Amino acid sequence: MKILFLDQSGKPGGAELCLLDIAKPYADNSLVGLFADGDFRKLLETNHIPVEVLATQAIKVRKQSSLFQALASLGQLTPLINKVVTRAKEYDLIYANTQKALVVGALASFFARRPLVYHLHDILSTEHFSKTNLRVAITLINRFASLVIANSQASKTAFIQAGGKPDIVKVVYNGFETKNYQIPEIDVQNLRQKLGLAEKFIVGHFSRLSPWKGQHILINAIAECPENVTVILVGDALFGEDEYVQELYQKVTALGLENRVKFLGFRDDIPQLMTMCDLITHTSIAPEPFGRVIVEAMLCGKPVVAAKAGGAMELVEDGVNGFLVTPNNPQELAQVINTCVQEKDKIKKIANHAKITASQRFDVKIINQQIQQLLKREQRKN
Ligand code: UDP
Ligand code: GLC
């Protein structure tokens, strides 16, 4: 099947890393069209997936844009839409992976007469989006998409609650190449030494730096943990959240935690870094649509504590394969971290169990089969 995948981002966020795995089996005769250049393009090229940057100018609509801003951006989009329509005629199906890709993909699907599949990576609620963006997304999906692949039950439920058609949406979780998360012990010890963390209890946080990802909650929490507990914050501000980064640095200084919080920036050795940790935290203060980092922690055999909302609740069963805490509550998080410091054997059992179950549940081969079946059905319909 020839697929034109569309994604607005040049940067490798979770939705893009998910797309990388989905596009691989179709690499021979498909194309990923991006609306911005960046490291994601390079990553696709390294994986031998054909990619073209279709727009070089950034599209200026944000998650909280007003109707006026959204309409103003449409003019800006005309050359891009024309290009996508031309490309789309060479493919069987358009697969939009982000919201701006949905807007462009919907119009291209109409003009090029190609079916549109939308991979929904977001919880479509006012906690994440302006009312205008929600209305535009739901209207376009209902009118143009024949299939919506939701990354969790939580994303599916929010879609339907926002007015999305219930009969076109199917849940497919992110898939993972499980062998990539098996890291030799010697590499882990070396990395600990290199970072000067050999004797520490390392709490890891792996996410772009963004207010809703809640890194500040973890910083507040470790102020209430023993001296030996050290945090690594892995990730960068991918979408212009520089002010938040400054706030995080100020918080660390104000709490006197300079020696206990390390900012490592964006890294491409996540499995190694995760395996080095004693505990991995997820602290989003708005419902997480899925939460790749939670599954990745499990695949590395590491205990994970996640914020109890959205897709995270489908991944973690409290006390069985990880821990759940109330979002936006540093005291509760500190308590769980302290329990994990004291009960290393008990949490090891939980982490081992999580590794086994996650390896089966999120195996990329099985997930890709599910996607393939859905796409074949779409092709047959058209
Ligand atoms: N990630 C990465 N390098 C970093 C920080 C994060 O490669 O420095 C990856 C992480 O391993 C995960 C993805 O980025 O696969 C983030 O996906 P997630 O679903 O957790 O959150 P999102 O940012 O998509 O909302
Ligand atoms: C989005 C969501 C994240 C999810 C990822 C992959 O970036 O924010 O929760 O894990 O997509 O579906």
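In this text the structure is predicted, and so the values were computed from the model without any measurement.

### Here's the deal with the pairing of strand S12 (residues 304-307)
Put simply, side chains in a regular strand alternate between the two faces of the sheet.
Thinking step 1. Burial along S12 is two-sided: the residues Val 304 and Ala 306 and Val 305 and Ala 307 are all buried.
Thinking step 2. The sheet contact formed by strand S11 (residues 279-281) and S12 spans two bridges and is parallel. Residue pairing in the sheet places Thr 281 in a bridge with Val 305 of S12.
Thinking step 3. What joins S11 to S12 is helix H11 (residues 292-299), and the crossover it makes is right-handed.
Thinking step 4. Bridging between S12 and strand S13 (residues 323-325) involves three bridges; their strand directions are parallel. Across the sheet, Ala 307 pairs through a bridge with Val 325, a residue of S13.

### Comments concerning the site of ligand 1
Thinking step 1. Residues in close proximity to ligand 1 total 16 residues, the closest being Gly 14, Arg 208, Lys 213, Arg 267 and Glu 296.
Thinking step 2. One of the side-chain N or O atoms of Lys 213 is found 2.8 Å from an oxygen atom in ligand 1.
Thinking step 3. For ligand 1, an oxygen atom lies 2.9 Å from a polar atom in the backbone of Arg 292.
Thinking step 4. Burial of ligand 1 by the protein amounts to 90% of the accessible area it has alone, namely 540 Å².
Thinking step 5. Those elements giving two or more residues to the shell around ligand 1 turn out to be helix H1 (14-23) and H11.
Thinking step 6. Of the residues in the shell around ligand 1, the class split is six nonpolar, four polar and six charged.

### Focus on the packing of H1 against helix H2 (residues 39-46)
Thinking step 1. At their nearest, the axes of H1 and H2 sit 11 Å apart, and the two run at 20 degrees to each other. With respect to each other, H1 and H2 are oriented roughly parallel. Of the two elements, H1 crosses H2, and the hand of that crossing is right-handed. Along the contact surface, H1 presents Glu 16, Leu 17, Leu 19 and Leu 20, while H2 presents Phe 40, Leu 43 and Leu 44.
Thinking step 2. Per-class residue counts for the contact of H1 with H2 are six nonpolar, no polar and one charged.

### Considerations on the packing of aromatic side chains
Thinking step 1. Counted under the stated rule, the structure contains nine aromatic pairs.
Thinking step 2. Ring geometry for Phe 176 and Tyr 181: centres 6.4 Å apart, planes at 70 degrees, overall edge-to-face.
Thinking step 3. Its relative accessible area of 1% is what places Phe 176 among the buried residues.
Thinking step 4. Positioned above the aromatic ring of Tyr 91 is the side chain of Lys 2, whose terminal nitrogen or guanidinium carbon lies 5.8 Å from the ring centre.

### A few points about the layout of surface pockets
Where empty space is left in the structure can be found by rolling a water-sized probe over the atoms.
Thinking step 1. In this structure, the second largest pocket encloses a volume near 390 Å³.
Thinking step 2. Around the second largest pocket, the lining comprises 19 residues; the ones closest to its centre are Thr 275, Cys 277, Asp 278, Lys 302 and Lys 348.
Thinking step 3. Of all the secondary-structure elements, those providing two or more residues to the lining of the second largest pocket are helix H7 (185-194), helix H10 (270-276) and helix H14 (344-361).
Thinking step 4. Broken down by element, the lining of the second largest pocket gets its largest block of residues, six residues, from H14.
Thinking step 5. For the lining of the second largest pocket, the class distribution of residues is eight nonpolar, four polar and seven charged.

Analysis parameters
Residues numbered from 1 in each chain as written. Chains lettered and ligands numbered in written order. Predicted model: local features only at pLDDT ≥ 70, side-chain atom pairs only at ≥ 80, totals over all residues. Heavy atoms only, no water. Buried < 20%, exposed > 50% of the residue type's maximum accessible area, 1.4 Å probe, protein only. Helix = DSSP H or I, 4+ residues; strand = E, 2+ residues; numbered from the N terminus. Pairing = 2+ DSSP bridges. Right-handed = clockwise from strand over helix to strand, strands pointing away. Near = heavy atom within 4 Å. Polar contact = N/O pair within 3.5 Å; in protein donor to acceptor, adjacent residues only side chain to side chain. Areas by Shrake-Rupley, 256 points an atom, 1.4 Å probe, with all protein chains shown as cover. Nonpolar A, V, L, I, M, F, W, Y, C, P; charged D, E, K, R; others polar. Axes fitted to C-alpha atoms, helices over the stretch in contact; angles between N-to-C directions. Parallel < 35°, antiparallel > 145°, perpendicular 65-115°, else oblique. Left-handed = near helix turned anticlockwise from the far one by under 90°. Contact = heavy atoms within 4.5 Å. Phe/Tyr/Trp six-rings, centres within 6.5 Å; stacked < 30°, edge-to-face > 60°. Lys NZ or Arg CZ within 6 Å of the ring centre and 35° of its normal. 1 Å grid on protein atoms, 1.4 Å probe; cavity = no way out; pocket = protein on both sides within 12 Å on 5 of 7 lines; lining within 4 Å. Points joined across faces, edges and corners; volume = space filled by probe spheres on them.

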